[in-house]
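# Chains, contacts and geometry: an overview
Chain by chain, the residues run as shown.
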Amino acid sequence: MSGNSVESDAKPQASGTESKKPSTRSKSTATDIDSDGSSSEDDSTMHMIRRFFSKTLNMASDKEDSTVDKVIPELTFEGLLSHWRENGFKKIVTMVGAGISTSAGIPDFRSPGSGLYNNLQRFDLPHPASIFDRDYFEQNPSPFFVLAKELYPGSFVPTPAHYFVRLLHDKGLLQRHYTQNIDTLDRLTGLPDEKIIEAHGSFNTNHCLRCREEFDMAWMKRKIFADELPSCEQCMGLVKPDIVFFGENLPESFYTRPEEDFDDCDLLIIMGTSLEVQPFASLIHRAGPRCIRLLINRDAVGRSSFAPWLDASERSLLYGKSKNTRDVAFLGDCDAGVLAVATALGWENELQQLVTSGREEHALANPLNSDNETTDSEQVDSGHEEDFESESLTASSKDSNYG
Ligand SMILES: [Zn+2]
């Protein structure tokens, strides 16, 4: 269970340099720089090969690793935390995916075996992803609304990772929060609307597919919880939440905001995303060359699978690679990662307070849901994954008062 592994996740995975003495940072070999990647051996071999060619055939550039101009002296999680403590950051952008919501109990509906997936079986979907297919939806909207009922905002509580973003905002550091998630947990932390870009839309607004009449969240919620297909009061057309389906455009703000947001941005925090869904993943390329990119994720995502000399575009994250100048990774649970950051910065109590008061608010608003959520108020805990199946399956019968 991730909640108990905060310590063990935070320490060994976060500080790949512990075994090294700081004085060995002599940039003379690839392995000195290549501190936390599993590919260190590959990289070091590659480095030798490159050096061989550059010396003997004059094929490659001589100024490879020795002139790598690192943004901070130690490109490790620990190194980043030291830099943050000593110098601070002033303009932070966050980008997040489903991984920050899993500890809230929101299942990945695509996973066979999840309660949600099993519950959708009866609809005989051509593919689980069909539920977000616009054409399929227009033919057969029911599966989507069953999913919507189960995932409806109000049934889940934001995670410590969500509250960490809110804390960045409270401290005046957050420029913008980009989320792939449609669960609106980002909003539930109290993060103001103008700070959030829901790249894949949300339940916040709804439109008639025929006449474009807009309906608010409360209206849609009544329909969803009454198991009624939402039809337009003007033209009887089907009304759809403004969630981005396959084949639909992302909100305009996703394309217009990054220019301003990444101008002078000095830290991009990437959490809980596979970095495989475009165009969302392309946000990492908007960060300027001196912007540190911190990945907090269970898996080592975002790194090109191409050999370094083929990866000419350098369009991937480079943590653990010899050419890395500004990328850092914490490989572990999002909640463990933000807790490690908060602890290092002395923000632990503030984060804890946000989490605790958020859970209390939720418990007051959702008395029937409160049994599980309030039991762990002593500690920043990463939730109750094991409970999600029973919770999500019964969520539809609970009266949640959000919205
Ligand atoms: Zn209409």
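- The name given to the protein chain in an unreviewed UniProt entry is NAD-dependent protein deacetylase, and the organism recorded there is Drosophila grimshawi.
- Among the UniProt annotations of the protein chain, the heading Sequence similarities (unreviewed entry) holds the following wording: "Belongs to the sirtuin family. Class I subfamily."

## Overview of the overall build of the protein chain
- Looking only at helices and strands, one finds 16 helices and nine strands in the protein chain.
- Of all 403 residues assigned to the protein chain, the portion counted as buried reaches 41%.
- Looking at the protein chain alone, contacts between residues at least 24 apart form 72% of all its contacts between residues at least 6 apart.

## Structural notes on the sheet that holds strand β5 (residues 214-216)
- Taken in spatial order, the three strands line up as β5-β4-β6 in an open sheet, and their pairing is antiparallel. Two strands in the sheet have a free side with no partner beyond their single neighbour: β5 and β6 (239-243). Sheet twist, expressed as the mean angle between neighbouring strand axes with direction ignored, is 40 degrees.
- Pairing between strand β4 (residues 201-208) and β6: four bridges, direction antiparallel. Pairing of His207 across the sheet is with Lys240, part of β6.
- Packing against the sheet, helix α10 (residues 217-225) makes contact with β4, β5 and β6, and its axis sits at approximately 80 degrees to β5.

## Description of the nonpolar core
- Of all hydrophobic cores here, the largest spans 56 residues; its most connected members are Phe164, Leu268 and Leu294.
- At seven residues, the largest contribution of residues to this core is made by helix α13 (residues 334-345).
- Among all residues touching Phe164, those that are not within four sequence positions of it are Val338, Ala342 and Leu351.
- If you look at the next biggest cluster of nonpolar residues, it comprises 19 residues, including Ile131, Ala148, Leu151 and Leu188.

## Focus: the environment of Lys240
- Among the structural elements, Lys240 can be located in strand β6.
- For the pair Lys240 and Leu209, spaced 31 residues apart in sequence, the C-alpha to C-alpha distance is 6.7 Å.

## Section: the UniProt feature "active site" (unreviewed entry) in the protein chain
- Taking the UniProt record as the reference, the feature "active site" (unreviewed entry) is found at His200.
- Residues in contact with His200, not counting those within four places in the same chain, are Gln180, Ile182, Ile243 and Val244.

## Re the confidence of the model for the protein chain
- Within the protein chain, residue pLDDT values average 77, and 68% of them lie at 70 or more.
- Segment residues 369-403: pLDDT under 50, and 71 contacts once partners within four positions in sequence are set aside and those in other chains are kept.

## Comments concerning the sheet that holds strand β1 (residues 92-96)
- Strand order in this open sheet of six strands is β3-β2-β1-β7-β8-β9, and the pairing throughout is parallel. Each end of this open sheet is capped by a strand with a single partner; those strands are β3 (196-198) and β9 (327-331). For this sheet, the mean angle separating the axes of adjacent strands, direction not counted, is 15 degrees.
- Strands β7 (267-271), β8 (292-297) and β9 of the sheet are contacted by α13, whose axis makes an angle of about 130 degrees with β8.

## Comments concerning the UniProt feature "binding site: Zn(2+)" (unreviewed entry) in the protein chain
- Taken from the UniProt record, the annotation "binding site: Zn(2+)" (unreviewed entry) applies to Cys208, Cys211, Cys232 and Cys235. Across 28 residues in sequence, these annotated residues keep their C-alpha atoms within 8.5 Å of one another, forming a single compact spot.
- Within the fold, Cys211 resides in the loop between β4 and β5.
- When residues no more than four places from it in sequence are discounted, the contact partners of Cys211 are Cys232, Gln234, Cys235 and Gly237.

## A closer look at the pairing of β8
- With six of six residues buried, β8 lies mostly within the body of the structure.
- Taken together, the five bridges between β7 and β8 define a ladder with parallel strand orientation. Each residue of the ladder has a partner; that of Ile269, found in β8, is Leu294.
- In this structure, β8 lies alongside β9, joined through five bridges in parallel fashion. Each residue of the ladder has a partner; that of Leu294, found in β9, is Val328.

## As for α10
- Those residues of α10 not exposed but buried are Met220, Lys221 and Ile224. Down the axis of α10, the smallest arc covering the buried residues is 105 degrees, so these residues share one side.
- For α10, the secondary structure elements touched by its buried residues are α7 (142-150), β4, β5 and β6.
- Positive backbone phi, at 55 degrees, marks Asp227, one or two positions downstream of α10.

## Points about the packing of helix α4 (residues 77-87) against α13
- Direction vectors running N to C along α4 and α13 enclose 40 degrees, while the axes themselves pass 10 Å from each other. The orientation of α4 with respect to α13, classified from their angle, is oblique. Viewed along their axes, α4 and α13 form a crossing whose handedness is right-handed. Listed contacts from α13 to Leu81, Trp84 and Arg85 of α4 are Val341, Ala344 and Leu345.
- Residue classes in the contact of α4 with α13 are distributed as five nonpolar, no polar and one charged.

## A few points about unusual backbone geometry
- Cis geometry is adopted by the peptide bond preceding Pro279, which originates at Gln278 and carries an omega value of 0 degrees.
- Summarising the element assignment, Pro279 is placed in the loop between β7 and β8.
- Positive phi is not limited to glycine here, since Asp124 has a value of about 55 degrees.
- Classification of Asp124 by C-beta neighbours within 10 Å gives exposed; the count is 9.
- Unlike most non-glycine residues, Leu275 shows phi in positive territory, near 55 degrees.
- Inspection of the secondary structure assignment puts Leu275 in the loop between β7 and β8.

Rules and cut-offs
Residues numbered from 1 in each chain as written. Predicted model: local features only at pLDDT ≥ 70, side-chain atom pairs only at ≥ 80, totals over all residues. UniProt positions renumbered as here; feature names shortened; annotations may be inferred. Helix = DSSP H or I, 4+ residues; strand = E, 2+ residues; numbered from the N terminus. Buried ≥ 20, exposed ≤ 12 C-beta atoms within 10 Å, placed from the backbone. Contact = placed C-beta atoms within 7 Å. Pairing = 2+ DSSP bridges. Axes fitted to C-alpha atoms, helices over the stretch in contact; angles between N-to-C directions. Core = buried A, V, L, I, M, F, W, Y, C linked by C-beta atoms within 7 Å. pLDDT = per-residue confidence, 0-100. Arc of directions from axis to C-beta. Parallel < 35°, antiparallel > 145°, perpendicular 65-115°, else oblique. Left-handed = near helix turned anticlockwise from the far one by under 90°. Nonpolar A, V, L, I, M, F, W, Y, C, P; charged D, E, K, R; others polar.

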